[in-house]
Amino acid sequence: MSQRLRKVVFPVAGLGTRFLPATKVVAKEMLPVLDRPLIQYAVDEAVDAGADTLIFVTNRYKHAIADYFDRAYELESKLAQSGKNDLLAMVQGTLPRHVRCVFVTQPEALGLGHAVLCAKPVVGDEPFGVVLPDDLIVNGPTGAGRPGALRQMAELAASENAGVIAVEEVPRDQTNKYGIVDATPVSERAAKIKLVVEKPKPEVAPSNLAIVGRYVLPGRIFELLEKTTPGAGGEIQLTDAIESLLSEQSVLAYRFEGTRFDCGNKLGLVKATLHMALEDPQLADATRKFMASLANR
Ligand code: UTP
């Protein structure tokens, strides 16, 4: 996979049940961390990795994501007329001009693997990224110029000619919430995957290295997904197709540089919000004071 990463898939067709009732009408990916929705952080990371084609796998209820990246003519002309140029730049700056969005529908929520497969007609036979927006990954303060997780992975995929999957060490008692890899270290942050197990109990987990929401995969994965039968929970699992890929080519587990917030659950979203508030010069002091006041409760 020495090709440059151009296409990134965002599977956003899940039901988001952990945020009901809000997710009855608000897509989980539109939940904000401070003033930006989760999907904006994910898109920024993909653009940072070099992507120019963003493929959103949505369901029929998630028009808000398309609307968000579309032009908002009325709002923009009002902001322009009233000279609010900073806000205008912000509204127009959700997506760089050279980047295009493609929307694909997943007719039924049949699992992450199935959602990725829905992007096949747009991706074709080239390496591509997958970003799950509810895993928010930050690497240093905004604007500090440190590479995002997907850029780190794309560079490794190109130099090693391999698939790359982001992993993170998790507490042993949580292995049953993740895909877990068994891998042989090849460098400080990378390890060659021998085996992937979906949600193993702690006593049988081969390690505590958990797969998190970033992947760089070859186009070949689509053919393997087509042959994948429903696994755990009746869903077509991406990890099952990755397991098949292992017998054909090298796939690396990569411990990215950065901090991940699992914003697919409430506590993760709270932590991400506090983290971002502490990074924001206008909010940091007041947030720190507020957090200190909570310590006595
Ligand atoms: P989750 O396991 O977080 O499921 O999916 P979910 O439906 O989004 O949320 P909960 O668990 O009900 O609260 C992981 C990612 O895979 C996508 C989701 O949108 C999310 O980005 N996904 C999952 C799909 O696109 N389609 C599916 O069929 C399943």
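Reading the values: rules and limits
Residues numbered from 1 in each chain as written. Predicted model: local features only at pLDDT ≥ 70, side-chain atom pairs only at ≥ 80, totals over all residues. Heavy atoms only, no water. Axes fitted to C-alpha atoms, helices over the stretch in contact; angles between N-to-C directions. Helix = DSSP H or I, 4+ residues; strand = E, 2+ residues; numbered from the N terminus. Parallel < 35°, antiparallel > 145°, perpendicular 65-115°, else oblique. Left-handed = near helix turned anticlockwise from the far one by under 90°. Contact = heavy atoms within 4.5 Å. Nonpolar A, V, L, I, M, F, W, Y, C, P; charged D, E, K, R; others polar. Near = heavy atom within 4 Å. Polar contact = N/O pair within 3.5 Å; in protein donor to acceptor, adjacent residues only side chain to side chain. Areas by Shrake-Rupley, 256 points an atom, 1.4 Å probe, with all protein chains shown as cover. 1 Å grid on protein atoms, 1.4 Å probe; cavity = no way out; pocket = protein on both sides within 12 Å on 5 of 7 lines; lining within 4 Å. Sits in = over half its atoms within 2 Å of the grid points. Points joined across faces, edges and corners; volume = space filled by probe spheres on them. Core = buried A, V, L, I, M, F, W, Y, C linked by side-chain atoms within 4.5 Å. Buried < 20%, exposed > 50% of the residue type's maximum accessible area, 1.4 Å probe, protein only. Phe/Tyr/Trp six-rings, centres within 6.5 Å; stacked < 30°, edge-to-face > 60°. Lys NZ or Arg CZ within 6 Å of the ring centre and 35° of its normal.

A word on the packing of helix α10 (residues 266-279) against helix α11 (residues 284-294)
Where α10 contacts α11, the two axes come as close as 7 Å, and the packing angle between them is 130°. Classed by the angle they form, the pair α10 and α11 counts as oblique. As for how α10 packs across α11, the hand of that crossing is left-handed. Residue-level inspection shows L274, A277 and L278 of α10 in contact with α11, the latter providing A284, T287, R288 and M291. Across the contact of α10 with α11, the residue classes break down as five nonpolar, one polar and one charged.

Comments concerning the site of the ligand
Near the ligand you find 17 residues, and of these P11, L15, T17, K28 and Q106 are the closest. Contacts to the ligand include L15, whose backbone N or O atom sits 2.7 Å from an oxygen atom. Between an oxygen atom of the ligand and a side-chain N or O atom of T17, the distance comes to 2.5 Å. The fraction of the free accessible surface of the ligand (570 Å²) that becomes covered by protein chains is 82%. Given that more than half its atoms are within 2 Å of the pocket grid, the ligand belongs to the largest pocket. Residue composition of the shell around the ligand, by class: eight nonpolar, five polar and four charged.

So, the side chain of T287
Secondary-structure assignment places T287 in helix α11. With residues near it in sequence (within four places) discarded, T287 still touches L274, A277 and L278.

Let's talk about the packing of helix α3 (residues 73-81) against helix α4 (residues 85-92)
For the pair α3 and α4, interaxial distance at closest approach is 8 Å and the crossing angle is 155°. Compared by their axis directions, α3 and α4 come out roughly antiparallel. The two elements α3 and α4 cross, and the hand of that crossing is left-handed. Contact residues: α3 offers L75, E76, L79 and A80, while α4 offers L87, L88, V91 and Q92.

Some details on the layout of surface pockets
Put simply, the largest pocket is a space of about 1400 Å³. Along its surface, the largest pocket is lined by 46 residues, and R18, K28, L132, D134 and K199 are the ones closest to its centre. If you list the elements that add at least two residues to the lining of the largest pocket, you get α5 (112-117), β8 (163-169), β11 (209-217), α9 (238-246), β13 (259-262) and α10. Considering each element in turn, the lining of the largest pocket owes the most residues, four residues, to β11.

Considering the nonpolar core
One finds F10, I39, L54 and F56 to be the most contacted residues of the largest nonpolar core, which totals 39 residues. At the level of secondary structure, the elements contributing two or more residues to this core comprise β1 (7-11), α1 (38-48), β4 (53-58), α2 (63-69), α7 (149-160), β8, β11 and β12 (251-255). The element that contributes the greatest number of residues to this core is α7, accounting for six residues. Grouped together as the second largest cluster of nonpolar side chains are 37 residues, V57, V102, V104 and A115 included.

A closer look at the packing of aromatic side chains
If you walk through the whole model with that rule in mind, you get five aromatic pairs. The interplanar angle of 15° and the centroid separation of 5.0 Å between the aromatic rings of F10 and F56 together place this pair among those described as stacked. Of this pair, F10 sits in strand β1 while F56 sits in strand β4, placing them 46 residues apart in sequence. F56 sits in the buried class, given a relative accessible area of 0%. For the pair Y68 and F69, a centre-to-centre distance of 4.9 Å together with 85° between the ring planes defines the contact as edge-to-face. Residue F69 is classed as buried on the basis of its relative accessible area of 11%. Three or more aromatic residues joined by ring pairs form one cluster here, namely F10, F56, Y68, F69 and F103. Over the face of the ring belonging to Y41 we find R36, whose NZ or CZ atom lies 4.3 Å from the ring centre.

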